[in-house]
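If you want the building blocks of each chain, they are given just below.
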Amino acid sequence: MKRYLVLSIAGLIGTLTLFGQKRNIPKAGCSTVLSEAMFAKKDTVKDRGVADNYHTWENGVTLRVKFMPGGGKMIREKVMQNAREWEMHGNVKLQFVPDNEPVTDIRIKLGQGLGHNSAVGTEAKFRSQNEQTMNFDTISFADFRHYLGKLQKKGNYGPYTTRDVEKEMQTDPDRWDLKELRRVVMHEFGHALGLLHEQSFPGAIKWNRSDSAYQYYLETQGWNRAKVDFNVFEVAEQFYTNGTAYDPKSIMHYSVEPWQTTDGFSLKDNYELSYGDKGLIAALYPKDRKESVNLVPKITISNFTKLTVTANTTRKGLVIQPSFDLKTNAKLGEVYFVARLFTTDDKYISTSGLFYNWAGSVGTYKKVNLLPNTKISYNKLKKNFELFLPFDYIPALNGEQVGVEFTVYLNDVANSQMNKLMYFSSSAPMSIPQR
Ligand SMILES: [Zn+2]
């Protein structure tokens, strides 16, 4: 009987994998993208760096975490308990607050169909307060052994669908595969603290870049070729290793199948934080010193209250005034504040002009060298910052409305890491007076 059960479980997972092309795979992979901004609707700058050290939180930070509606008491407790594992090794605290808390740093959605993924570190700030920053696909946490046994007792010997398991879960909830849940929760919280996929380590894996490999990511993650290239194949030069060695035991490593590599290398899932994971989080968030030794220039943008765009007919141009607070860390930062126009179908407006041109599209910018450990408020108590775009430099729009996207980029000249996106926000489309 036992042997039957084991065989049937293997069958179940196989069947479900075939069924659940995209999302409902019992052992769902992590679909976190390395830099979500790169794939945000308009931002397509090729050299967008990975999140890494530029998007870690401040050392000693207490992150406010809440659950979005959904998920029972037991599964929430298991998520909290396993997430807290990181606190033991790094100088960072997770404060779980009630669901109705209006302002939080990390928001968890326990649900189905959204995969497992998380914003990387402070990229969570790019999302609005009513949107989650982390998803868990709870069907893949189900104790399949248990539910399958129940189905078989009822005379259902398969093939099974995820729907069969979901139905069993409704009358007999909270039978979780705690080992898998723990693995995935620690992995996603690793992202939330700024960690990236370990398989991205430069030169670590000899990836098979065949069409079938691209097809695999399209089916399992819904990623197009550009996204696969960025997230899997072309990460070496963007990866900030913090001086650590490649760690195949990392909780941040994907499992790797032999067909995915050209040399037959493969790796099973890791279920615990490795020695390297503990060391890396301690290096990024040290308990025994004020800042990480690997600290890079960083800016924190908070309290972004509005992006005011005015078509000023007297000055004959667009006046763009974002309101926000900015804080620098102990390193010097060279920062660009950029405003670009976009059309209602979410495209930048291209230009070949010498002026008011940002990377080939119509825009205006200011470069600022910020002092270390400084706090500045822009357009809060007084108007003290604007970007200006003359009407004359905007191509004929033929009455089409345009919006303004405001972005902040950091150049880390010393480390040759340029154009790190630190913030973006956009205005509602509007009409612009033209000649
Ligand atoms: Zn991941």
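Keep in mind the model is a prediction, meaning the values are calculated, not measured.

Summing up its helical and strand segments, the chain has eight helices and 14 strands in all. Burial statistics for the chain: of 435 residues in total, 52% are counted as buried. For the chain, contacts bridging at least 24 residues in sequence account for 76% of all contacts bridging at least 6. By element, 53% of the accessible surface of the chain is carried by carbon and sulfur atoms, the whole surface being about 20500 Å².

Moving on, we come to the pattern of salt bridges. Under the defined criterion, the tally for this structure stands at 21 salt bridges. For Arg182, the salt bridge identified is with Glu272, shortest N-O distance 2.6 Å. Of this pair, Arg182 sits in helix α5 (residues 178-192) while Glu272 sits in the loop between α7 (225-233) and α8 (275-284), and the two are 90 residues apart along the sequence. Taking the relative accessible area as the measure of exposure, Arg182 reaches 18% and is therefore buried. A salt bridge links Asp325 to Lys380, with the shortest nitrogen-to-oxygen separation between them at 3.6 Å.

Judged by side-chain polarity, Leu354, Phe355 and Tyr393 come together as a nonpolar surface patch covering roughly 380 Å² of accessible area. Along the chain, the position of Tyr393 falls in the loop between β12 (387-390) and β13 (402-412). Since its relative accessible area comes to 37%, Tyr393 is described here as partly exposed.

Here we have five strands laid out as an open sheet, ordered β9-β10-β8-β13-β14, and antiparallel in their pairing. In this open sheet, the two strands that pair with only one neighbour each are β9 (357-358) and β14 (417-426). Summarising the sheet, β13 and β14 pair through seven bridges and their orientation is antiparallel. Bridge pairing in β14 places Thr407 opposite Phe424.

Moving on, we come to helix α3 (residues 144-153). Of the residues making up α3, those classed as buried are Phe144, Tyr147, Leu148, Gly149, Leu151 and Gln152. A positive phi of about 90 degrees marks Gly155, the residue just after α3.

Across the chain, the average pLDDT comes to 83, with 87% of residues at or above 70. Of the regions scoring below 50 in pLDDT, residues 37-51 engages in 51 contacts with residues more than four places distant in sequence or in other chains.

On to the sheet that holds strand β4 (residues 117-118), then. Here we have five strands laid out as an open sheet, ordered β2-β1-β3-β5-β4, and mixed in their pairing. Every interior strand has two partners, whereas the edge strands, β2 (93-96) and β4, have only one. Two strands pair when backbone bridges link them, and strand β3 (residues 106-111) and strand β5 (residues 134-137) are joined in this way by four bridges, in the parallel orientation. Residue pairing for β5: Ile108 is matched across the bridge by Met134. Against the sheet, helix α2 (residues 73-83) engages β1 (62-67), β2, β3 and β5, with an angle of about 135 degrees to β3.

Our next topic: the packing of helix α6 (residues 211-221) against α7. For any two helices packed against each other, one specifies the crossing angle of their axes together with the interaxial distance. Orientation of α6 relative to α7, taken along the N-to-C sense of each, is 95 degrees, at an axis distance of 10 Å. Comparing their axes, α7 and α6 come out roughly perpendicular. From α6, Asp211, Tyr214 and Tyr217 reach across to α7, where they touch Arg225, Val228, Asp229, Val232 and Phe233. Broken down by class, the residue content of the contact of α6 with α7 amounts to five nonpolar, no polar and three charged.

Attention now moves to the pairing of strand β7 (residues 317-328). Taken across its twelve residues, β7 has eleven buried, putting it largely inside the fold. In the sheet, strand β6 (residues 299-312) pairs with β7 via eleven bridges, with the strands oriented antiparallel. Looking across to β7, one finds that Lys306 is bridged to Ser323. By the bridge criterion, four bridges tie β7 to β12 in an arrangement that is antiparallel. Directly across from Ile320, in β12, lies its bridge partner Leu387.

Across the interface, α2 lies against α5 with an axial gap of 9 Å and an inter-helix angle of 55 degrees. Between α2 and α5, the angle falls in the class oblique. The two elements α2 and α5 cross, and the hand of that crossing is right-handed. Between α2, through Ile75, Lys78, Val79, Asn82 and Ala83, and α5, the contact on the second element is made entirely by Leu178, Leu181, Arg182, Val185, Met186 and Phe189. Among the residues making up the contact of α2 with α5, the classes are represented as eight nonpolar, one polar and two charged.

The rules behind the values
Residues numbered from 1 in each chain as written. Predicted model: local features only at pLDDT ≥ 70, side-chain atom pairs only at ≥ 80, totals over all residues. Heavy atoms only, no water. Helix = DSSP H or I, 4+ residues; strand = E, 2+ residues; numbered from the N terminus. Buried < 20%, exposed > 50% of the residue type's maximum accessible area, 1.4 Å probe, protein only. Contact = heavy atoms within 4.5 Å. Areas by Shrake-Rupley, 256 points an atom, 1.4 Å probe, with all protein chains shown as cover. Salt bridge = Lys/Arg side-chain N within 4 Å of Asp/Glu carboxyl O. Patch = residues over 30% accessible without salt bridge, like charges linked within 9 Å, V, L, I, M, F, W, Y side chains within 5 Å. Pairing = 2+ DSSP bridges. pLDDT = per-residue confidence, 0-100. Axes fitted to C-alpha atoms, helices over the stretch in contact; angles between N-to-C directions. Parallel < 35°, antiparallel > 145°, perpendicular 65-115°, else oblique. Nonpolar A, V, L, I, M, F, W, Y, C, P; charged D, E, K, R; others polar. Left-handed = near helix turned anticlockwise from the far one by under 90°.

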